[in-house]
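Examination of the molecular architecture
What follows is each chain in one-letter form.
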Amino acid sequence: MYSKIILCLSEKEDEVLGKQISMLKERHHAEIVRISYSDAADYIASCESEALFISDDDKLLSDAKDRGIATNDPQKMKEAYNKAMEMLKAMGMNGAR
C-alpha cells in the first residue's frame, strides 16, 4: 500500500499515464504529489518508504530505489498498459480500446 504517489516528470502526463495514476490513487487511497526536478533529490531524502516514486529520470529513480522507495518509469507503465489492452483485444473483450 502506498501512502503517496510522487510524480517527477519532464512533461505533463498523457492520457494513458493519467489513467494509470488515477487507478493507483484510487487503489491505494494515496495522495498525489507532483514535484519539480529541482526539489526531487531533497524530497527523496526525506520521503516515506510507503511512497511510490514515478519519474522519467534514471538518476532520481536510482536514488529512490537506494532509499527503499518503490519506483516506476512512466514509459514502462505505458508499455505495460498497451500490452494489457492488446491482450484483452486478443481475448475478444469488446470494451478494450
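Note: the structure precedes this text.
In this report, the structure presented in the accompanying data block is examined. Since the model is a prediction, treat every value here as computed from it, not as a measurement.

Their axes nearest at 10 Å, the elements helix α1 (residues 15-28) and helix α4 (residues 74-90) cross at an angle of 90°. Our classification of the angle between α1 and α4 gives roughly perpendicular. In this structure, α1 contributes Val 16, Leu 17, Lys 19, Gln 20 and Leu 24 to the contact, and α4 contributes Pro 74, Met 77, Lys 78 and Tyr 81. Residues that form the contact of α1 with α4 fall into these classes: six nonpolar, one polar and two charged.

It is worth spelling out the environment of Gly 68 at this point. Along the polypeptide, Gly 68 turns up in the loop between α3 (58-66) and β4 (70-72). In this structure, the C-alpha to C-alpha distance between Gly 68 and Ala 84, residues 16 residues apart in sequence, is 28 Å.

What follows concerns the side chain of Glu 13. Within the fold, Glu 13 resides in the loop between β1 (4-8) and α1. Residue Glu 13 is classed as buried on the basis of its relative accessible area, which comes to 18%. A polar contact of 2.6 Å, which involves the side chain of Glu 13, links it to the side chain of Arg 34.

Another aspect to go through is the packing of helix α2 (residues 37-46) against α3. The contact between α2 and α3 brings their axes to 10 Å, and the two run at 10°. Compared by their axis directions, α2 and α3 come out roughly parallel. On the side of α2, the interface is formed by Tyr 37, Ala 40, Ala 41 and Ile 44, while α3 contributes Leu 60, Asp 63 and Ala 64. For the contact of α2 with α3, the per-class residue count stands at six nonpolar, no polar and one charged.

So, about the sheet that holds β1. Taken together, the four strands give an open sheet; going across it, the order is β2-β1-β3-β4, and neighbouring strands pair in parallel fashion. Whereas interior strands pair on both sides, the edge strands pair on one side only; in this sheet they are β2 (31-34) and β4. For this sheet, the mean inter-axis angle between neighbouring strands, taken without regard to orientation, is 20°. Taken together, the five bridges between β1 and strand β3 (residues 51-55) define a ladder with parallel strand orientation. From the neighbouring strand, Leu 7 faces β3, where its bridge partner is Ile 54. Those strands touched by α1 are β1, β2 and β3, and its axis lies near 160° from that of β1.

End to end, α4 covers 24 Å across 17 residues, agreeing with the expected 24 Å (1.5 Å per residue, within 8%). If you check which residues of α4 are buried, you get Pro 74, Met 77, Tyr 81 and Met 85. Taken down its axis, α4 places every buried residue within 70° of arc, on the same side. For α4, the exposed residues set more than 90 degrees away from the buried face come down to Lys 76, Lys 83, Glu 86 and Ala 90. Contacts made by the buried residues of α4 are with α1, β3 and β4. A distance of 2.7 Å separates the backbone nitrogen of Gln 75 from a side-chain oxygen at the start of α4, and that oxygen is part of Asp 73. Immediately beyond the C-terminal end of α4, within one or two residues, lies Gly 92, with a positive phi of roughly 85°.

The rules behind these values
- Each residue is numbered by its place in its chain's sequence as written, counting from 1.
- Under the rules for a predicted model, residues below a pLDDT of 70 receive no local features and side-chain atom pairs below 80 are neither given nor counted, while totals for whole chains, interfaces and linings still include all residues.
- Neither water nor hydrogens contribute to the side-chain values; these are computed over all heavy atoms in the structure.
- Here, axes are lines fitted to C-alpha atoms. For helices the fit covers the stretch in contact, and angles between N-to-C directions go from 0 to 180 degrees.
- Secondary structure elements follow DSSP: runs of H or I of four or more residues count as helices, runs of E of two or more count as strands, with numbering from the N terminus.
- Any angle between 65 and 115 degrees counts as roughly perpendicular, while under 35 counts as roughly parallel, over 145 as roughly antiparallel, and the rest as oblique.
- Any two residues whose heavy atoms approach within 4.5 Å are treated as being in contact.
- Basically, the charged four are Asp, Glu, Lys and Arg, the nonpolar ten are Ala, Val, Leu, Ile, Met, Phe, Trp, Tyr, Cys and Pro, and anything else, Gly included, counts as polar.
- Residue exposure (1.4 Å probe, protein chains only): buried if accessible area is under 20% of the type maximum, exposed if over 50%, otherwise partly exposed.
- Identification of polar contacts relies on pairs of N or O atoms within 3.5 Å, with a donor-acceptor requirement for protein atoms, meaning one able to donate a hydrogen and the other able to accept it, and with residues adjacent in sequence counted only if both atoms are side-chain atoms.
- Pairing between strands is defined by DSSP: at least two bridges between them are needed.
- Expected helix span is given by 1.5 Å per residue-to-residue step, counting one fewer step than there are residues.
- The directions considered for the arc are those from the helix axis to the C-beta atoms.

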